[in-house]
Amino acid sequence: MTSLDEIGVQIDTLHGNVQPILNEVLHALDRLIDTDEATTIDLASLPFGPGEIEALEASLGAGEISAQLDALGTSSIRETLYPGVWWIEHRNVYVEVVGRYLEVTRMPEILSSQFADICAGRARLAEQFE
């Protein structure tokens, strides 16, 4: 009789949701290149199996750019190894993940200054000249 330790088991990390998501990212990059259309993939809405989110993150790797926002919790935004593909995570004040997305875009929307914020900032700067 053979013990379970002697049975060679190989685990394919690109199974379940990982391969289809990578394929969706590939098509989203095509749309971005062809039409400048951005795509957001809500990873929190997908039923990942054990280890799949980690496998997806490892497959995409880390690129050159990262940013962190602190507003009602921490949001981390980082480019993957593939320019135009961004890994975005939002955490609440208890450091629990409340949102996880892949954005395929030139620049994630969350990093763009909002018009109202620009106006308020301009008003604060102008006050220094009064």
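Residues numbered from 1 in each chain as written. Predicted model: local features only at pLDDT ≥ 70, side-chain atom pairs only at ≥ 80, totals over all residues. Heavy atoms only, no water.

Caption draft 1: Structural context of the packing of helix α1 (residues 18-35) against helix α2 (residues 52-60). At their nearest, the axes of α1 and α2 sit 10 Å apart, and the two run at 40 degrees to each other. Relative to α2, the element α1 is oriented oblique. Seen from above, α1 lies across α2 with right-handed handedness. Between α1 and α2, the contacting residues are Val18, Ile21 and Leu22 on the first element and Glu52, Ala55, Leu56, Ser59 and Leu60 on the second. Looking at side-chain class alone, the contact of α1 with α2 contains six nonpolar, one polar and one charged residues. (Axes fitted to C-alpha atoms, helices over the stretch in contact; angles between N-to-C directions. Helix = DSSP H or I, 4+ residues; strand = E, 2+ residues; numbered from the N terminus. Parallel < 35°, antiparallel > 145°, perpendicular 65-115°, else oblique. Left-handed = near helix turned anticlockwise from the far one by under 90°. Contact = heavy atoms within 4.5 Å. Nonpolar A, V, L, I, M, F, W, Y, C, P; charged D, E, K, R; others polar.)

Caption draft 2: Main features of the side chain of Asn17. Among the structural elements, Asn17 can be located in the segment before α1. Of the polar contacts made by the side chain of Asn17, one reaches the backbone oxygen of Pro47; its length is 2.8 Å. Setting aside residues no more than four positions away along its own chain, Asn17 makes contact with Pro47, Phe48 and Glu52. (Polar contact = N/O pair within 3.5 Å; in protein donor to acceptor, adjacent residues only side chain to side chain.)

Caption draft 3: Molecular detail of the pairing of strand β2 (residues 66-70). Counting buried residues along β2, only zero of its five residues qualify, which leaves the element largely exposed. Both β2 and strand β3 (residues 74-79) contribute to a ladder of five bridges, which runs antiparallel. Paired with Gln68 across the bridge in β3 is Ser76. Counting the residues in the hairpin turn of β2 and β3 gives three residues, including Leu72, whose phi is positive at 55 degrees. (Buried < 20%, exposed > 50% of the residue type's maximum accessible area, 1.4 Å probe, protein only. Pairing = 2+ DSSP bridges.)

Caption draft 4: Structural detail: the sheet that holds β2. If you trace the five strands from one edge of the open sheet to the other, you get β1-β5-β4-β3-β2, paired in antiparallel fashion. Edge strands, defined here as strands with exactly one partner in the open sheet, are β1 (39-42) and β2. Pairs of neighbouring strands in the sheet enclose a mean axial angle of 20 degrees, with direction left out of account. Here five bridges tie β3 to strand β4 (residues 85-91), and the two strands are oriented antiparallel to one another. Along β4, the bridge assignment pairs Arg78 with Trp87. Helix-sheet contacts for α1 involve β1, β4 and β5 (97-104), and the interaxial angle to β5 is about 50 degrees. Along the sheet face, α2 touches β3, β4 and β5 and points at about 140 degrees away from the line of β4.

Caption draft 5: Local environment of unusual backbone geometry. Although it is not a glycine, Asp36 sits at a positive phi angle of roughly 65 degrees. Relative to the elements of secondary structure, Asp36 occurs in the loop between α1 and β1. Residue classification places Asp36 among the partly exposed residues on the basis of a relative accessible area of 44%. Despite not being glycine, Val95 has its phi angle at roughly 65 degrees, a positive value. For Val95, the location among the structural elements is in the loop between β4 and β5. The exposure class assigned to Val95 is exposed, which follows from its relative accessible area of 57%.

Caption draft 6: Summary view of the nonpolar core. Judged by nonpolar contacts, the single largest core of 16 residues is most densely connected at Val25, Leu43, Leu56, Trp87, Leu102 and Val104. With six residues, α1 is the single largest residue contributor to this core. Residues within four places of Leu102 in sequence aside, it is in contact with Ile21, Val25, Thr39, Thr40, Ile41, Leu43, Leu56, Leu60, Val85, Trp86 and Trp87. (Core = buried A, V, L, I, M, F, W, Y, C linked by side-chain atoms within 4.5 Å.)

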